[in-house]
Amino acid sequence: MTSGTQIRLFVASSLILLLSSSITFGTRKTQRLSSGTWGGKHIQFEVSDGSVNIEYDCAHGSIEGPLTFDRQGRFSWRGTYTREHGGPIRKDEKVNNQAATYSGSIKGDTMTLTVQLANSSDPVLTFTLMRGSVGRVWKCK
């Protein structure tokens, strides 16, 4: 083998090694939120099969996956937020689904969650949730 061929072989091998290691490490940049319950004051967050069902006082919401967060625990997910009210629901009543952005961070067993309703002047909602807690929710009656 000539020295030029050896150099090309070395460079090609190095590139393949570098590429394969970057693919391996690149997949670890984000993590998925595992199934389970998170809860706090006025909220319950149930993660199952890559989606979330959320119960609030007098409201509910949902998020469809993927439920990923970065190495620092930060996330931003899109979902819905639906206001509820006391009393019966009328037969012809329209459901008030609103698009919402769920963002925040996870540190250990604590999640800080901010809910921003799309196209709304309503204030941003902020919650602190704990993994494994069912939370305290008071539904409208």
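These numbers were taken from a predicted model, which means no experiment stands behind them.

J.: Hey, could you run me through the nonpolar core in this one?
T.: Note that soluble globular proteins tend to have their nonpolar side chains buried in a common cluster. Ranked by size, the top nonpolar core spans 24 residues in total, and within it Leu33, Phe45, Tyr56, Tyr102, Met111, Leu113 and Val115 carry the most contacts. If you list the elements that add at least two residues to this core, you get β3 (43-48), β4 (51-56), β5 (59-64), β7 (74-83), β8 (97-107), β9 (110-117) and β10 (125-131). In terms of residue count, β9 provides more of this core than any other element does, four residues in total. Leaving out residues up to four positions away in the same chain, tyrosine 56 has contacts with His42, Ile43, Gly61, Tyr81, Tyr102, Val115, Phe127, Val137 and Lys139.

J.: Sorry if this is basic, but what is going on with the pattern of salt bridges here?
T.: It is possible for side chains bearing opposite charge to pair when their charged atoms get close. For the coordinates displayed, the defined rule picks out four salt bridges. With a shortest N-O distance of 2.9 Å, lysine 139 and glutamate 84 are connected by a salt bridge. A residue pair is termed long-range when its members are at least 10 positions apart, and lysine 139 in the segment after β10 and glutamate 84 in the loop between β7 and β8 qualify at 55 residues. Using a relative accessible area of 33% as the deciding quantity, one classes lysine 139 as partly exposed. Residue arginine 131 is joined to aspartate 109 by a salt bridge in which the shortest nitrogen-to-oxygen separation is 2.8 Å. Here aspartate 109 lies in the loop between β8 and β9 and arginine 131 lies in strand β10, a separation of 22 residues in the sequence. Each of Glu55, Glu84 and Lys139 takes part in one network of salt bridges that share partners.

J.: Help me understand the sheet that holds β8, please; the structure alone is not making it clear to me.
T.: Two orientations exist for strands paired in a sheet by backbone hydrogen bonds: parallel and antiparallel. Ordered in space as β2-β3-β4-β5-β7-β8-β9-β10, the eight strands form a closed barrel in which the pairing is antiparallel. Each neighbouring strand pair of the sheet contributes to a mean axis angle of 30°, computed without reference to strand direction. For β7 and β8, the ladder comprises nine bridges, and the chain directions are antiparallel. Residue pairing across strands places arginine 74 opposite serine 105, the latter belonging to β8.

The rules behind each value
- Residues numbered from 1 in each chain as written.
- Predicted model: local features only at pLDDT ≥ 70, side-chain atom pairs only at ≥ 80, totals over all residues.
- Heavy atoms only, no water.
- Core = buried A, V, L, I, M, F, W, Y, C linked by side-chain atoms within 4.5 Å.
- Buried < 20%, exposed > 50% of the residue type's maximum accessible area, 1.4 Å probe, protein only.
- Helix = DSSP H or I, 4+ residues; strand = E, 2+ residues; numbered from the N terminus.
- Contact = heavy atoms within 4.5 Å.
- Salt bridge = Lys/Arg side-chain N within 4 Å of Asp/Glu carboxyl O.
- Pairing = 2+ DSSP bridges.
- Axes fitted to C-alpha atoms, helices over the stretch in contact; angles between N-to-C directions.

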